[in-house]
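Listed below, chain by chain, are the residues.
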Amino acid sequence: MKNREHAKPQLPENVRVRFCPSPTGIPHVGMVRTALFNWAEARHTGGTFVFRIEDTDAQRDSEESFNQIIEALDWLGLDWDEGVRVGGPDGPYRQSERGGIYQDVANKLLEAGYAYESFSTPEEIEARNVAAGRPKEFGYDGYDRNLTEEQKAAFRAAGRKPALRIRMPDEDVSFNDLIRGEITFKAGSVPDYVIVRPNGDPLYTLTNPVDDALMRINVVLRGEDLLSSTPRQIVLYRYLMDLGVAQEMPLFGHMPYVMGQGNKKLSKRDPESNLFLHREHGFIKEGLLNYLALLGWSIGPDRDIFSMDEMVKAFDVRDVKANPARFDIDKATAINAEHIRMLEEQDFLNRSIPYLFNEGLVSAAEWDSLADHERGVLTAAAPLVQSRVRLLGEVGGMVGSLLSDADYLPPADDARKQLKGNPGEVLDLAVAALKDVPEDQWLTDTLHETLNKALIEDAGLKPRAAFGPIRVAMSGRRVSPPLFESMEIVGKDISMKRLENLRAHLDEVLS
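Conventions adopted
Residues numbered from 1 in each chain as written. Predicted model: local features only at pLDDT ≥ 70, side-chain atom pairs only at ≥ 80, totals over all residues. Heavy atoms only, no water. Helix = DSSP H or I, 4+ residues; strand = E, 2+ residues; numbered from the N terminus. Rg over C-alpha atoms; globule rule 2.2 N^0.38 Å. Buried < 20%, exposed > 50% of the residue type's maximum accessible area, 1.4 Å probe, protein only. Contact = heavy atoms within 4.5 Å. Areas by Shrake-Rupley, 256 points an atom, 1.4 Å probe, with all protein chains shown as cover. Core = buried A, V, L, I, M, F, W, Y, C linked by side-chain atoms within 4.5 Å. Pairing = 2+ DSSP bridges. Axes fitted to C-alpha atoms, helices over the stretch in contact; angles between N-to-C directions.

Caption draft 1: Just the overall build of the chain, in detail. When its secondary structure is counted, the chain shows 19 helices and 13 strands. Taken against the 2.2 N^0.38 rule, which gives 24 Å for 511 residues, the C-alpha radius of gyration of the chain at 32 Å runs more than 25% over that of a compact globule. Structurally, the chain occupies a C-alpha span of about 105 × 50 × 45 Å along its principal axes. When each of the 511 residues of the chain is scored for burial, the buried share is 51%. Long-range pairs, those at least 24 residues apart, make up 75% of the contacts in the chain between residues at least 6 apart in sequence. Total accessible area on the chain is roughly 24,100 Å²; 47% of this is exposed by carbon and sulfur atoms.

Caption draft 2: Structural view of unusual backbone geometry. A cis geometry characterises the amide bond from Gly91 onward to Pro92, with omega recorded as 0 degrees. Of note, Pro92 is situated in the loop between β4 (82–83) and α3 (99–112). Backbone geometry at Arg85 places phi at a positive 75 degrees, although glycine is not the residue there. Tracing the backbone shows Arg85 in the loop between β4 and α3. Assessed through its relative accessible area of 57%, Arg85 is described here as exposed. The backbone of Asp302 shows a phi angle near 55 degrees, a positive value even though the residue is not glycine. Examined against the element boundaries, Asp302 turns out to sit in the loop between α9 (285–293) and α10 (308–314).

Caption draft 3: Looking closely at helix α14 (residues 395–403). Summarising burial for α14: 9 of the 9 residues are buried, a large majority. Taken together, the buried residues of α14 touch α12 (345–358), α13 (372–385), α17 (463–475), α18 (483–490) and α19 (492–510).

Caption draft 4: How the structure looks around the nonpolar core. Judged by nonpolar contacts, the single largest core of 92 residues is most densely connected at Leu36, Leu109, Leu206 and Met311. With 9 residues, the top contributor of residues to this core is helix α1 (residues 29–45). Once residues within four sequence positions are removed from consideration, Leu36 is found in contact with Leu78, Leu289, Leu292, Ala293, Met308 and Met311. Within the second largest apolar cluster, 55 residues are counted, among which are Phe348, Leu419, Leu451 and Leu455.

Caption draft 5: Spatial organisation of the sheet that holds strand β2 (residues 16–19). Here we have 3 strands laid out as an open sheet, ordered β2-β3-β4, and parallel in their pairing. Only two strands of the sheet have a single partner each, and these edge strands are β2 and β4. Pairing between β2 and strand β3 (residues 48–51): 4 bridges, direction parallel. Looking at the pairing, Val17 lines up with Phe49 of β3.

Caption draft 6: Examining the sheet that holds strand β9 (residues 193–196) more closely. Pairing is antiparallel in the open sheet, where 3 strands are placed in the order β5-β6-β9. What marks the edges here is a single partner per strand, and that holds for β5 (115–118) and β9. The average undirected angle you get between the axes of adjacent strands in this sheet is 45 degrees. Strand direction decides the pairing type here: strand β6 (residues 163–166) and β9, joined by 3 bridges, are antiparallel. Residue Ile166 lies in a different strand from β9, and its bridge partner there is Tyr193.

Below is the structure:
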């Protein structure tokens, strides 16, 4: 394969792109990035986004995975114009329901001489390669191209059933990739390939381009891992056009690999690849889509944060870079944090509630079903927490102590490190200073002034030594919402008990 820079082709006037995953396993970020770029190209150009399912592999495909793909697209808001669930003029949109179509096209290819019957077994192909001094893995050698009718009859008499192979031309195959420029596969580098198994099952090599042809897909955007199959598709398309099955040759664009840790291609089995795991940790769709858009594309120099509306306005697949993109979970999390901060406060709360419910911190999974007390605490806490969390899964750790009516919160291991110096003295001074604050004056500013005077001005303590033990008493955690605001939300009664009870348990905590 040769690749050289070349002016990238113009897009068709009416762009038709497709997303066609196989339902095998949990949706992964590489799959979503493919869907996102196709969706963005369709929306940018005012074109059509077609969604179909390639489910002809009965041993690997599952209905559970199919439903998860639908769930993923729905969650992310990547809507489609034609296809599964919404219908359209070219259905059905599941390959498992299109068997008659593939059989008909395969017969036409065979009758026209573009495909031929191949009786060779894998073992025979390997043996012929070894006998000819080639590596046994060299691949198919074209042995069956010119079998006579007598030879075919003899194979059938022996009980053999043929596969169907496409007859590749003895010439270079070139195309102008939307992302990589002009690419040439030299003559003879791609062997004749199977499109129908001996048992009659059609393979991806037939079903995918046939579906693209019949659904009038004119821009094929897919992963770099499929680049080696493109000369096969181009040759088959030529035959399909000759037969009147296809109207035109589509443009191809091959998106860069998504790399994981250690610069290895991100595998479906890598935790970073699992879309629903990211959702479980608290990624919001805006943050995750923003980050996935950066895996091969950028909206502008030194700009990482943008909305999907902004992406649609700016996106052109010809601007996608060919170099591999690395999935950086830290950067993805930082971008997600920016999008969380941009949410309306009530939207932030609504999205957080399911996470809090799953942790057992609130009584219901929806805002409107919460108790009045819970809504009051969360409304007061939202401005303190929203700017400090990176993932919605972190909200529970920040607000759990505010929602709790416990009068003692055992400190977490990392929180105990805040109990340096003489925490007992600090807690005694804090209790003494706060006990006379009236309940109606138990407010952020009053608490700040009272403790600042008692611990810093009068006792001469540094702020960290002064407020660290109080923070641990109030939350049991090293990281928590702002201290004085938290004390106001919790109220005097519980706040005082938490201070007193940490003091009572201090020897046990520090042992």
